[in-house]
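# Summary of the model geometry
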Amino acid sequence: MGETISVKSAAGDSDAYFAPAIPAPGPPVLLLHPWWGLNQTIRDLADRLAGDGFTAIAPDMFQRKVLTTPDEAQANVRSLTEADGARIRAGVLAALDHLLAHPDARGDRAGIIGLSFGAMEGTEVAGERPDIGALVMFYSGIFEAPDGIPYLGHFAEDDEFDDSAQVPDLEKTLSEGSAAHVYPGTKHWFIEADRPEFDSDAAELAYARTVAFLRENLS
């Protein structure tokens, strides 16, 4: 089981959920939550990654605010100012630095797993940090991966936010060792067990693919 820690950044202190690998140390993974905030589902995912040998950290980008409905979450995201964006980025980068420096993290390159809102943040971080060794996106925007970084995308077939029909065009831009998968019959948030869109079969397949991908690229 992980624990909530405080991470210092230039924008002030912020919370993060830290789950060391079992057995430690393990490859470092930065886990970026969707627009619900750092809820129990994301903590459970960090713990599961730790059980599979990764040392994971999930920064709280919303300062302990957890949303439960799409309307609440959308309103929260729309209320974010430029200053909020700068604070979020500072906190994410500080969490990444904390992760890479931690004795329970093995290696000098981290993987990023981003879900929806977190996927957008993760893509930008991956584009500006040379110490990112793998990028895993769940129901993110359909955009090109940062150059030179192995990429794994998981997309819902029936996604109200992102058009999965664009994924074949994305695949054409991916380098060797990268992949993008569309999960038939799924909707946005399909890997999150607390959501009505949860699809257990698709979630298990996506998780297994993610673990294999991270092991291959962070070993």
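See above for the structure.
In this report, the structure presented in the accompanying data block is examined. Just so we're clear, the structure is a prediction, and the values are computed from it rather than from any experiment.

## A closer look at the pairing of strand S1 (residues 3-9)
Note that S1 and strand S2 (residues 12-19) share seven bridges and pair antiparallel. Its bridge partner being in S2, Ser6 is matched across the sheet by Asp15. In this structure, the hairpin formed by S1 and S2 is closed by a connection of two residues.

## A short note on the pattern of salt bridges
Enumeration according to the criterion identifies 10 salt bridges in this entry. Ionic pairing is found between Lys172 and Asp169, a salt bridge with its closest N-O pair at 3.6 Å. Taken together, the positions of Lys172 and Asp169, both in helix H5 (residues 167-173) and three residues apart, correspond to about one turn of that helix. A network of salt bridges, in which partner residues are shared, links Arg89, Glu121, Glu124 and Glu128.

## Looking at unusual backbone geometry
Each neighbour pair has its own omega, and for Ile22 with Pro23 the value is -10 degrees, a cis peptide bond. Not every positive phi belongs to a glycine, and Arg64 is a case in point at roughly 70 degrees. Counting through the fold element by element, Arg64 comes out in the loop between strand S4 (55-59) and helix H2 (70-79). The backbone of Tyr139 sits at a positive phi, close to 35 degrees, despite the residue not being glycine. As for its placement among the helices and strands, Tyr139 is situated in the loop between strand S6 (132-138) and strand S7 (151-156).

## So, the packing of aromatic side chains
All told, the structure shown has nine aromatic pairs when counted by the stated rule. With centroids separated by 6.0 Å and ring planes inclined at 65 degrees, the aromatic side chains of Trp35 and Trp36 adopt a geometry described as edge-to-face. Overall, the relative accessible area of 12% leaves Trp35 in the buried class. We classify Trp36 as buried; its relative accessible area is 0%. Here the aromatic rings of Tyr183 and Phe190 are separated by 5.1 Å at their centres, their planes lie at 40 degrees, and the arrangement is tilted. An aromatic cluster is defined as three or more aromatic residues linked by ring pairs; in this entry it consists of Trp35, Trp36, Phe161 and Trp189. Sitting above the plane of the Tyr207 ring, Arg48 keeps its charged end 3.9 Å from the centroid. Across the ring face of Trp36, the terminal group of Arg195 is positioned such that the distance to the ring centre comes to 3.8 Å.

## Looking at helix H6 (residues 200-218)
In a regular helix each residue adds 1.5 Å, so 19 residues correspond to 27 Å; H6 covers 26 Å between its end C-alpha atoms and thus fits that length. Listing the buried residues of H6 in full gives Ala202, Ala203, Ala206, Tyr207, Thr210, Val211, Phe213, Leu214, Asn217 and Leu218. At its buried positions, H6 is contacted by strand S3 (28-32), helix H1 (40-51), strand S5 (110-115), S6, S7 and strand S8 (179-183). At the N-terminal end of H6, a side-chain oxygen is found 3.2 Å from the backbone nitrogen of Asp201, two or three residues along, and the residue is Asp199.

Rules of the game
Residue positions within a chain follow its written sequence, with the count starting from 1. Note on the predicted model: pLDDT of at least 70 is required for a residue's local features to be given, and 80 or more for side-chain atom pairs to be given and counted; whole-chain, interface and lining totals, by contrast, use all residues. Side-chain metrics rest on all non-hydrogen atoms present in the structure, leaving aside hydrogens and water. A pair of strands is labelled paired if DSSP reports no fewer than 2 bridges between them. Put simply, DSSP H or I for four residues or longer makes a helix, DSSP E for two residues or longer makes a strand, and each gets a number counted from the N terminus. The salt bridge criterion pairs a side-chain nitrogen of Lys or Arg with a carboxyl oxygen of Asp or Glu, the two atoms within 4 Å. Aromatic pairs are defined between Phe, Tyr and Trp rings, using the six-membered ring for Trp, whenever the two ring centres lie within 6.5 Å; interplanar angles under 30 degrees are classed as stacked, those over 60 as edge-to-face, and all others as tilted. Note on classification: 1.4 Å probe, protein chains only; a residue is buried when its accessible area is under 20% of the maximum for its type, exposed when over 50%, partly exposed between these limits. In our convention, an over-ring charge means Lys NZ or Arg CZ found within 6 Å of a ring centre and within 35 degrees of that ring's normal. Expected span of a helix: the number of residues minus one, times 1.5 Å. We call two residues in contact whenever any of their non-hydrogen atoms come within 4.5 Å of each other. Polar contacts here mean pairs of N or O atoms no more than 3.5 Å apart (in protein, one a potential hydrogen donor and the other a potential acceptor; neighbouring residues in sequence count only if both atoms are side-chain atoms).

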